[in-house]
Number of protein chains: 2
Amino acid sequence: MATRTATAQWNGTLKEGNGTMAGGSGGFEMPFTFKSRFEGEGANPEELIGAALAGCFSMQVSASLAEAGTPVDSVRTEAKVQLRAGDEGPRIDSIALTTRGKVPDLDDAAFKQAAEEAKNGCIISRALAGVNEITVDAALEN
Amino acid sequence: MATRTATAQWNGTLKEGNGTMAGGSGGFEMPFTFKSRFEGEGANPEELIGAALAGCFSMQVSASLAEAGTPVDSVRTEAKVQLRAGDEGPRIDSIALTTRGKVPDLDDAAFKQAAEEAKNGCIISRALAGVNEITVDAALEN
């Protein structure tokens, strides 16, 4: 199957240095620093993880609901990635997904079930097995 | 510690629909489709995972070498993310890192060791415990 490529560079020391992260498809290239990662606003690897999970999850919910005969108009998902200090240094402790769907002819329980399954089964969720807890708050907003 | 936010949206069915993924810091927003994810060129969640790992890894190598008294000029890393079909659908089977360092007064063995430790210990590596194998090919290019 597919191979996807990305690159990153870091220049200098941890606190005074700076880096970039870029996608192989040309879709993005962004700077990051110690401050943007751990202290202030700005791009960082954890935000990329959140976007990857939110994207994979939203696509998976849409796929499974279409398969069940109730295709979505849209699924919108926010990911909050929580860093916490641990014995081996900082770690991603939890990712909280909040998802809202516009899906004709579906009830809220069926949407919640599709969200729960996508949270457990989507490609990026399964890759992120080292994250303590991934949660999802799902509701329709038809 | 810090909370990082990202969002994604998917519209419509799996194969005809389309989506976007965006970082909460405003650093990136990119479209993606079934084709860009599984068939052709274009952005996709796996590329974001590769960029996050390459960024975290490069920063970690730089941090540990600076701590050891040999700060880097630069560490540049490519990540190749391999999707493979599995029993539960496609999965991220492996991520191959290739890293090249410019580090004054360091020998190749010490760079390789710092790379091996960062591959095992960096925040994003530890989160990606569900990936079968992460490898690193490390060399100095002073």
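Scope of this entry: the structure provided in the associated data block. The model shown is predicted, which means the values in this text are computed figures rather than measured ones.

## What about the overall build of chain A?
Thinking step 1. If you tally the helices and strands in chain A, you get 4 helices and 6 strands.
Thinking step 2. For chain A, the sequential pattern of α-helices and β-strands runs β-β-β-α-α-β-β-α-α-β.
Thinking step 3. Taken along its principal axes, the extent of the C-alpha atoms in chain A is 55 × 35 × 30 Å.
Thinking step 4. Every one of the 142 residues in chain A was classed for burial, and the buried ones make up 55%.
Thinking step 5. A sequence separation of at least 24 residues applies to 51% of the contacts in chain A between residues at least 6 apart.
Thinking step 6. For chain A, the exposed surface amounts to about 5,900 Å²; the carbon and sulfur share of it is 45%.

## What about the interface of chain B and chain A?
Buried accessible area, meaning the area lost when the parts come together, often serves as the stated size of an interface.
Thinking step 1. Facing the 77 residues of chain B at the interface are 77 residues of chain A.
Thinking step 2. Among the residues chain B hides against chain A, the three largest losses belong to Met 1, Arg 4 and Met 59 of chain B. Together they make up 14% of the total.
Thinking step 3. Applying the counting criterion to the chain B and chain A interface returns 0 salt bridges.
Thinking step 4. Put simply, chain B and chain A have 31 residue pairs in polar contact (both at pLDDT 80 or more) between them.
Thinking step 5. Mapped by element, the contributors of at least two residues to the side of chain B that touches chain A are strand S1 (3-11), strand S2 (18-23), strand S3 (29-32), helix H1 (34-39), helix H2 (45-67), strand S4 (74-84), strand S5 (91-102) and helix H4 (123-127) of chain B.
Thinking step 6. At 16 residues, H2 of chain B tops the list of elements feeding residues into the side of chain B that touches chain A.

## A few points about the packing of H2 of chain B against helix H3 (residues 108-121) of chain B
Residues and elements named next belong to chain B.
Thinking step 1. Between H2 and H3, the least distance of the axes is 9 Å, while the angle of their chain directions is 125°. Compared by their axis directions, H2 and H3 come out oblique. Considering only the axes of H2 and H3, their crossing is right-handed. Across the interface between the two elements, Phe 57, Gln 60, Val 61, Ser 64 and Leu 65 from H2 touch Ala 110, Phe 111, Ala 114, Ala 115, Ala 118 and Lys 119 from H3.
Thinking step 2. Among the residues forming the contact of H2 with H3, the class breakdown is 8 nonpolar, 2 polar and 1 charged.

## Overview of the side chain of Thr 99 of chain B
Residues and elements named next belong to chain B.
Thinking step 1. Here Thr 99 shows up in strand S5.
Thinking step 2. A relative accessible area of 0% means that Thr 99 is categorised as buried.
Thinking step 3. With residues up to four places along the chain from it excluded, the contact list for Thr 99 reads Phe 57, Val 75, Arg 76, Thr 77, Phe 111, Ala 115, Val 136, Asp 137, Ala 138 and Ala 139.

## What to know about the pattern of salt bridges
Thinking step 1. Tallying each qualifying case throughout the model produces 12 salt bridges over all chains.
Thinking step 2. With a shortest N-O distance of 3.0 Å, Arg 84 of chain A and Asp 93 of chain A are connected by a salt bridge.
Thinking step 3. Relative accessible area serves as the criterion here: at 42%, Arg 84 of chain A is assigned to the partly exposed category.
Thinking step 4. Glu 141 of chain B is the partner of Lys 102 of chain B in a salt bridge, and the nearest nitrogen-oxygen pair spans 3.8 Å. Here Lys 102 of chain B, found in strand S5, pairs with Glu 141 of chain B, found in the segment after strand S6 (133-140); they are 39 residues apart in sequence, far enough to count as distant.

## Here we look at the sheet that holds S3 of chain B
Thinking step 1. Strand order in the open sheet formed by 6 strands is S6(A)-S5(A)-S4(A)-S1(B)-S2(B)-S3(B), and the pairing between neighbours is mixed. Where the open sheet ends on each side, the last strands, each with one partner, are strand S6 (133-140) of chain A together with S3 of chain B. The sheet shows a mean angle of 15° between the axes of neighbouring strands, taken without regard to direction.
Thinking step 2. Bridge analysis of S1 of chain B against S2 of chain B gives 6 bridges, and the strand direction is antiparallel. Note on S2 of chain B: the bridge partner recorded for Ala 6 of chain B is Gly 23 of chain B.

## Observations regarding the environment of Gln 82 of chain B
Thinking step 1. Among the structural elements, Gln 82 of chain B can be located in strand S4.
Thinking step 2. Its relative accessible area of 18% is what places Gln 82 of chain B among the buried residues.
Thinking step 3. Sequence spacing of Gln 82 of chain B and Asp 93 of chain B is 11 residues, and the spatial spacing of their C-alpha atoms is 5.8 Å.
Thinking step 4. Beyond its immediate sequence surroundings of up to four residues, Gln 82 of chain B is in contact with Met 1, Ala 2 and Thr 3 of chain A together with Arg 91, Ile 92, Asp 93 and Ser 94 of chain B.
Thinking step 5. A polar contact is formed between the side chain of Gln 82 of chain B and the side chain of Thr 3 of chain A, at a distance of 2.8 Å.

## What to know about the relation of the copies chain B and chain A
Thinking step 1. Superposing chain B onto chain A takes a rotation of 180° plus a shift of 0.0 Å along the axis, which leaves an RMSD of 0.0 Å. Here the transformation between the copies is reduced to the relation of a two-fold axis.
Thinking step 2. Both copies present the same face, since 100% of the interface residues in chain B are matched by interface residues at the equivalent positions in chain A.

Reading the values: rules and limits
- Residues numbered from 1 in each chain as written.
- Chains lettered and ligands numbered in written order.
- Predicted model: local features only at pLDDT ≥ 70, side-chain atom pairs only at ≥ 80, totals over all residues.
- Heavy atoms only, no water.
- Helix = DSSP H or I, 4+ residues; strand = E, 2+ residues; numbered from the N terminus.
- Buried < 20%, exposed > 50% of the residue type's maximum accessible area, 1.4 Å probe, protein only.
- Contact = heavy atoms within 4.5 Å.
- Areas by Shrake-Rupley, 256 points an atom, 1.4 Å probe, with all protein chains shown as cover.
- Buried area = accessible area lost by both parts, 1.4 Å probe.
- Salt bridge = Lys/Arg side-chain N within 4 Å of Asp/Glu carboxyl O.
- Polar contact = N/O pair within 3.5 Å; in protein donor to acceptor, adjacent residues only side chain to side chain.
- Axes fitted to C-alpha atoms, helices over the stretch in contact; angles between N-to-C directions.
- Parallel < 35°, antiparallel > 145°, perpendicular 65-115°, else oblique.
- Left-handed = near helix turned anticlockwise from the far one by under 90°.
- Nonpolar A, V, L, I, M, F, W, Y, C, P; charged D, E, K, R; others polar.
- Pairing = 2+ DSSP bridges.
- Least-squares fit on C-alpha atoms with pLDDT ≥ 70 in both.

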